[in-house]
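# Close look at the chain arrangement
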Amino acid sequence: MYKMMTPGPTMVAENVRMARSLEVGNPDFDLDFFDYYRDTCKLYSRLLHTENESLILSGEGILGLEAAIASLTETGDRVLVLDNGVFGKGFADFVKIYGGNPVLYTKDYRHSLDAGELKKYLEHDSDFKYATLVHCDTPSGMLNDIAALCPLLKEFGILTVVDSVSGMFGNEVNVDKSHIDILCGGSQKAISAPIGLTMVTLSKDAKQAIDNRSSDIASFYANLSMFKNYYENKWFPYSMPISDIYGLRQALENISNDSDFLNRHARIAEKTRNALLNSGLSLYAEDGYSDTVTVFCIPEGTTAADILKKMQQEHGIMLAGSFDVLAGEVIRIGHMGFNCTEENMLETFTALNDVLNELNVPLKEPLIWK
Ligand SMILES: *Cc1c(COP(=O)(O)O)cnc(C)c1O
């Protein structure tokens, strides 16, 4: 097995894998499971600094995004789509699918969104039901300051849907302080459980907006109102993937028990950027650096495919290329969750230095982890 140093999925801790192999009961009829599910949701909310209700949905991160949009959007709703990255822009597709009218606020992909500029925009147009934004736009490693942007949008009466699938736990998310109405997360990024679960966290305002719709939600699986009173009624809209949830619970407990988790991400991300810059490589972003993924530009004379192939075949380490407008342009090093350790980074940089040398990429100084 190769080592995945990709920006999700990550390697998975042994205790998470073991939790997923425990014997299971029937999640529809075992009343204790409703407590277990709710306690897991509460632990997740607590780690995100909120008492807002979180729901665990059976599906990959994309389902959480779609469920948020499906549940909020009614025909003709104007939705502000903050776009400074591939996932940022992608929200417009969901808005359209569910009958909304996406209004793109597009900015340079190499810079994080500026709250001051957004404020000026909102002063001339703020007639939006909700806005979508991405915390860490993974294809470019772009980090947006949700703690500044979301409260600003709320001041203008706009609900916020935040995709922090690849940001949360590696970068601080404080749902209450940031006034986030729907926060979307996934199991396979910094949480470091396998792919398969998505979590949505709903504010009172978000629930009210869903309750007050005049039309039905055009989905079953992506309909968040289906979970209303699930605990009181002991009824889930569909059978819950119990083994996945056992794994998620263990992964969340690992984070909860690791007081250095967030700081370690900040330290390792900074060292990653410095190591790349010292050797003369350039980072894709000009500001807004994520602490979960670092993205560097392909040096002249080689290709992303060559670097990735050698890393995996000769060193057993998988890095990631990118996609959409960034396909072939950059390489992404994931340093999130269970992967975010000095040992993994030392191994990755030692291998990357060898690979770049073999490909005759001139470096200002060797690429070393120090
Ligand atoms: C990983 C990720 C998702 C989930 O989608 P994938 O199918 O894994 O690409 C959603 N949003 C962001 C920002 C992500 O990084």
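For the structure itself, consult the block above.
Attention here is on the structure that accompanies the text. (Residues numbered from 1 in each chain as written. Predicted model: local features only at pLDDT ≥ 70, side-chain atom pairs only at ≥ 80, totals over all residues. Heavy atoms only, no water.)

## Looking at the site of the ligand
Every residue near the ligand is listed here: Glu60, Gly61, Ile62, Phe87, Cys136, Thr138, Asp163, Val165, Ser166, Gln188 and Lys189. Between the ligand and Thr138, the relevant distance is 2.3 Å, taken from an oxygen atom to a side-chain nitrogen or oxygen of the residue. Gln188 is positioned such that a nitrogen or oxygen atom in its side chain is 3.2 Å from an oxygen atom of the ligand. Expressed as a share of its isolated accessible area of 370 Å², the protein-covered part of the ligand is 81%. When its residues are assigned to classes, the shell around the ligand shows four nonpolar, four polar and three charged. (Near = heavy atom within 4 Å. Polar contact = N/O pair within 3.5 Å; in protein donor to acceptor, adjacent residues only side chain to side chain. Areas by Shrake-Rupley, 256 points an atom, 1.4 Å probe, with all protein chains shown as cover. Nonpolar A, V, L, I, M, F, W, Y, C, P; charged D, E, K, R; others polar.)

## A closer look at the sheet that holds strand β4 (residues 101-106)
Taken together, seven strands build an open sheet; the order of strands is β2-β10-β9-β8-β5-β3-β4 and the sheet is mixed. Edge positions in the sheet fall to β2 (53-58) and β4, since each of these pairs with one other strand and no more. Along the sheet, successive strands turn relative to each other by an average axial angle of 20°, direction set aside. Across five bridges, strand β9 (residues 182-186) lies against strand β10 (residues 197-202) in antiparallel orientation. Its bridge partner being in β10, Ile182 is matched across the sheet by Leu202. Contacts from helix α2 (residues 31-47) reach β2, β9 and β10 within the one sheet, and its direction differs from that of β2 by about 120°. (Pairing = 2+ DSSP bridges. Helix = DSSP H or I, 4+ residues; strand = E, 2+ residues; numbered from the N terminus. Axes fitted to C-alpha atoms, helices over the stretch in contact; angles between N-to-C directions. Contact = heavy atoms within 4.5 Å.)

## A look at unusual backbone geometry
Of the consecutive residues Gly8 and Pro9, the connecting peptide bond is found in the cis state with omega at -5°. With respect to the helices and strands, the residue Pro9 is situated in the loop between β1 (3-4) and α1 (14-19). Positive phi values are uncommon outside glycine, yet His179 reaches one of about 55°. Its location among the elements puts His179 in the loop between α7 (175-178) and β9. The phi dihedral of Ser192 falls on the positive side, at around 65°, and the residue is not glycine. Structurally, the position occupied by Ser192 is in the loop between β9 and β10.

## A closer look at helix α13 (residues 342-358)
Every α-helical turn comprises 3.6 residues, leaving residues that sit three or four positions apart pointing alike. Under the 1.5 Å per step criterion, the end-to-end length of α13 is 24 Å for 17 residues, consistent within 8% with the ideal 24 Å. Here α13 has its buried residues at Asn344, Met345, Thr348, Phe349, Ala351, Leu352, Asn353, Val355 and Leu356. The secondary structure elements touched by the buried residues of α13 are β1, α11 (261-278), β11 (293-297), α12 (304-315), β12 (317-318) and β13 (330-334). A positive phi of about 60° marks Asn360, the residue just after α13. (Expected span 1.5 Å × (residues − 1). Buried < 20%, exposed > 50% of the residue type's maximum accessible area, 1.4 Å probe, protein only.)

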